[in-house]
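Residue strings, one per chain:
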Amino acid sequence: EDQVTQSPEALRLQEGESSSLNCSYTVSGLRGLFWYRQDPGKGPEFLFTLYSAGEEKEKERLKATLTKKESFLHITAPKPEDSATYLCAVQADTSGTYKYIFGTGTRLKVLA
Amino acid sequence: DGGITQSPKYLFRKEGQNVTLSCEQNLNHDAMYWYRQDPGQGLRLIYYSQIVNDFQKGDIAEGYSVSREKKESFPLTVTSAQKNPTAFYLCASSWTAEKLFFGSGTQLSVL
């Protein structure tokens, strides 16, 4: 069964304290892995797409990496404005239909 | 500016009532989606449409209906058959097999 698991469920960091969020997946026919940021009461905002193992993408304090079984979202020297829920999703090719499977997210709180 | 517009932001449903959530996009995307988000759960797919006048059931379609008469519009009706409709509903669109663009969501509650 296709599945996406994110850990930890919640994470509290002091401002400047770097850490990583994990997204592990089991899916047949992986086409891409996506990271989104979601603020309370709002829709998810796209961050990154990763397509193949070894690929890395960076944006400001965020860096996403991908292996054959998992992806990491590294947050370097976070600031309070980085507080949000981070969602991981994989896109699977299911008999010609492209299906997105979402994890439950990691709630990040960065304290000043 | 291009984007996806969902309305209303908040919606209240009385028992036995059908309600319709609006979703409009001006991104010229072919595919549109409806997701339901509950606390502690991942986004779950309700319905999706890859072209006008065609749509498919997702994982939790029971109690919901959709239409896709125009490329820009994909309204979702929550029927009285949906016994637990309280949730945050998200509409998304994409080029086929590309990243999803999301609207700002509709919070539906039961009176």
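Before going into details, it helps to say that this report is about the structure given with it. (Residues numbered from 1 in each chain as written. Chains lettered and ligands numbered in written order. Predicted model: local features only at pLDDT ≥ 70, side-chain atom pairs only at ≥ 80, totals over all residues. Heavy atoms only, no water.)

Once that is clear, we can look at a nonpolar patch on the surface. Residues and elements named next belong to chain B. Taken together, Y10, F12 and L111 make up a surface patch of nonpolar side chains, about 390 Å² in accessible area. Looking at where L111 falls in the secondary structure, it is placed in the segment after β11 (106-110). Take L111: its relative accessible area is 64%, and that puts it in the exposed class. (Patch = residues over 30% accessible without salt bridge, like charges linked within 9 Å, V, L, I, M, F, W, Y side chains within 5 Å. Areas by Shrake-Rupley, 256 points an atom, 1.4 Å probe, with all protein chains shown as cover. Salt bridge = Lys/Arg side-chain N within 4 Å of Asp/Glu carboxyl O. Helix = DSSP H or I, 4+ residues; strand = E, 2+ residues; numbered from the N terminus. Buried < 20%, exposed > 50% of the residue type's maximum accessible area, 1.4 Å probe, protein only.)

Inside soluble globular proteins, nonpolar side chains tend to come together where they are buried. Membership of the largest hydrophobic core comes to 25 residues, with the highest contact counts inside it found for L33, W35, L73 and Y86 of chain A. Contributions of two or more residues to this core are made by β2 (10-14), β3 (19-26), β4 (30-38), β5 (45-50), β7 (62-66), β8 (70-75), β9 (84-94) and β11 (106-111) of chain A. Looking at this core element by element, the count peaks at five residues for β9 of chain A. Counting 20 residues, the second largest nonpolar core, distinct from the first, contains M32, W34, Y64 and V66 of chain B. (Core = buried A, V, L, I, M, F, W, Y, C linked by side-chain atoms within 4.5 Å.)

What follows concerns the pattern of salt bridges. Within the structure shown, the criterion is met by seven salt bridges over all chains. R37 of chain A is paired through a salt bridge with D39 of chain A; the nearest N and O atoms lie 3.1 Å apart. One salt bridge in this structure joins K57 of chain A and E55 of chain A, with 3.5 Å as the shortest N-O distance. A residue is classified by how much of its surface remains accessible, and K57 of chain A, at 30% relative accessible area, is partly exposed. Connected via shared salt-bridge partners are R36, D38 and R44 of chain B.

Residue and element names in this part refer to chain B. As summarised here, the arrangement of the four strands in space is β1-β3-β8-β7, forming an open sheet in which the pairing is antiparallel. Of all the strands in the sheet, the pair left with one neighbour each is β1 (4-7) and β7 (64-66). Taken pair by pair, the neighbouring strands of this sheet meet at an average axis angle of 20°, ignoring direction. (Pairing = 2+ DSSP bridges. Axes fitted to C-alpha atoms, helices over the stretch in contact; angles between N-to-C directions.)

This part is about the packing of aromatic side chains. Here a ring pair, both rings aromatic, is described through the centre-centre distance and the interplanar angle of the planes. A full pass over the atoms with the stated rule returns 12 aromatic pairs over all chains. Ring centres of Y36 of chain A and F46 of chain A lie 5.9 Å apart, and the angle between their planes is 75°; on these two criteria the pair is classed as edge-to-face. Residue Y36 of chain A is found in strand β4, and its partner F46 of chain A is found in strand β5; the two are separated by 10 residues along the sequence. Between Y47 of chain B and F55 of chain B the ring centres are 5.9 Å apart and the planes differ by 80°, which places this aromatic pair in the edge-to-face class. Classification of Y47 of chain B as buried rests on a relative accessible area of 8%. Members of the aromatic cluster, joined through ring pairs, are F34, Y36, F46, Y100 and F102 of chain A together with Y33, Y35, Y48 and F102 of chain B. Over the ring of F74 of chain B we find R68 of chain B, and its NZ or CZ is 6.0 Å from the ring centre. (Phe/Tyr/Trp six-rings, centres within 6.5 Å; stacked < 30°, edge-to-face > 60°. Lys NZ or Arg CZ within 6 Å of the ring centre and 35° of its normal.)

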